[in-house]
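A closer look at the structure
Here are the chains, one letter per residue:
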Amino acid sequence: MSETRSDGELLRAVAADADRRAFEELYRRYAPWLTARLRGRCADAAMVDDVVQETFLAVWRGSARYREEGDVAGWLWRIGSRRLIDVLRGDGARGRLRQTLARLRHRDEVSAEERVLAGVEHGDLAGALTRLSPELRAVLQATVVDGLTTREAAVLLGIPPGTVKTRAMRARRQLREALA
């Protein structure tokens, strides 16, 4: 019976020797977990599968380098989640230009989130967030924390864009009331 190698040993073998068996073992250990976790963020199973493949391809090609800090699962999650956001945003030059122009156009406007947070001096924001329903928290996570557009959040959550807008409005209203 062969000895089970640690995650670090597998990654070193992949990076140094392009060890296919080490790569396959790493993939077997983490691909199902990464897929399940990303599917919690995106309802499009095909898109998630593509992102998982791109994540492991980056590991195989060496474009993603593990620095032996922290655990491998966290490192793979960071790569995968960033790639998912890139895919959702349309990582092409046209998409980046569109995002830059949108930021410039709206940079002087204060967002609803900024207004709510600016009014919070002594309020219990964490407590107010935990009292939101999971559906409302998920919309805030996608749009505020992850910075996705309504359309991107809709794809990620598997709901219509109108539902994203409605839930975001309800979440903001409930936060305002809780923090007032």
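Residues numbered from 1 in each chain as written. Predicted model: local features only at pLDDT ≥ 70, side-chain atom pairs only at ≥ 80, totals over all residues. Heavy atoms only, no water.

Quick word on the overall build of the protein
For the protein, the helix and strand inventory stands at 10 helices and zero strands. Helices (α) and strands (β) of the protein occur, in sequence order from the N terminus, as α-α-α-α-α-α-α-α-α-α. Here the protein holds 180 residues, and 34% of them are scored as buried. Within the protein, contacts between residues at least 6 apart in sequence are counted, and of these 60% link residues at least 24 apart. Split by element, the accessible area of the protein, about 11,500 Å² in all, is 50% carbon and sulfur. (Helix = DSSP H or I, 4+ residues; strand = E, 2+ residues; numbered from the N terminus. Buried < 20%, exposed > 50% of the residue type's maximum accessible area, 1.4 Å probe, protein only. Contact = heavy atoms within 4.5 Å. Areas by Shrake-Rupley, 256 points an atom, 1.4 Å probe, with all protein chains shown as cover.)

Looking at a negative patch on the surface
Judged by side-chain charge, Asp44, Asp50, Glu54 and Asp86 come together as a negatively charged surface patch. Along the chain, aspartate 86 falls in helix α4 (residues 72-89). (Patch = residues over 30% accessible without salt bridge, like charges linked within 9 Å, V, L, I, M, F, W, Y side chains within 5 Å. Salt bridge = Lys/Arg side-chain N within 4 Å of Asp/Glu carboxyl O. Lys, Arg positive; Asp, Glu negative; His and termini not counted. Charge placed at Lys NZ, Arg CZ, Asp CG, Glu CD.)

Focus: the nonpolar core
The biggest cluster of nonpolar side chains holds 35 residues, and the ones touching the most others in it are Leu26, Leu38, Phe56 and Leu84. For this core, the secondary-structure elements that each account for two or more residues are α1 (7-17), α2 (20-39), α3 (45-61), α4, α8 (134-145), α9 (150-157) and α10 (161-179). Sorting elements by how many residues they give to this core places α4 first, with eight residues. Beyond its immediate sequence surroundings of up to four residues, leucine 38 is in contact with Val48, Val51, Val52, Trp77, Gly80, Ser81 and Leu84. Ala128, Leu132, Leu140 and Leu175 belong to the second largest nonpolar core, which has seven residues in total. (Core = buried A, V, L, I, M, F, W, Y, C linked by side-chain atoms within 4.5 Å.)

Here's the deal with the pattern of salt bridges
Enumeration according to the criterion identifies six salt bridges in this entry. Residues arginine 28 and glutamate 25 are paired through a salt bridge, measuring 3.0 Å at the closest nitrogen-oxygen approach. Here arginine 28 and its partner glutamate 25 are both found in helix α2, three residues apart, which amounts to about one turn of the helix. Arginine 28 sits in the exposed class, given a relative accessible area of 53%.

Comments concerning the side chain of threonine 143
Locating threonine 143 in the fold gives a position in helix α8. Each residue touching threonine 143, except ones within four places of it in the same chain, is listed here: Leu148, Ala153 and Val164.

As for the packing of α9 against α10
Contact geometry for α9 and α10: axes closest at 8 Å, N-to-C directions at 105°. The pairing of α9 with α10 is recorded here as roughly perpendicular in orientation. Along its contact with α9, which presents Thr150, Ala153 and Ala154, the element α10 presents Pro161, Val164 and Lys165. Of the residues belonging to the contact of α9 with α10, the class tally is four nonpolar, one polar and one charged. (Axes fitted to C-alpha atoms, helices over the stretch in contact; angles between N-to-C directions. Parallel < 35°, antiparallel > 145°, perpendicular 65-115°, else oblique. Nonpolar A, V, L, I, M, F, W, Y, C, P; charged D, E, K, R; others polar.)

Everything listed here is a matter of coordinates, which is why it stays silent on function.
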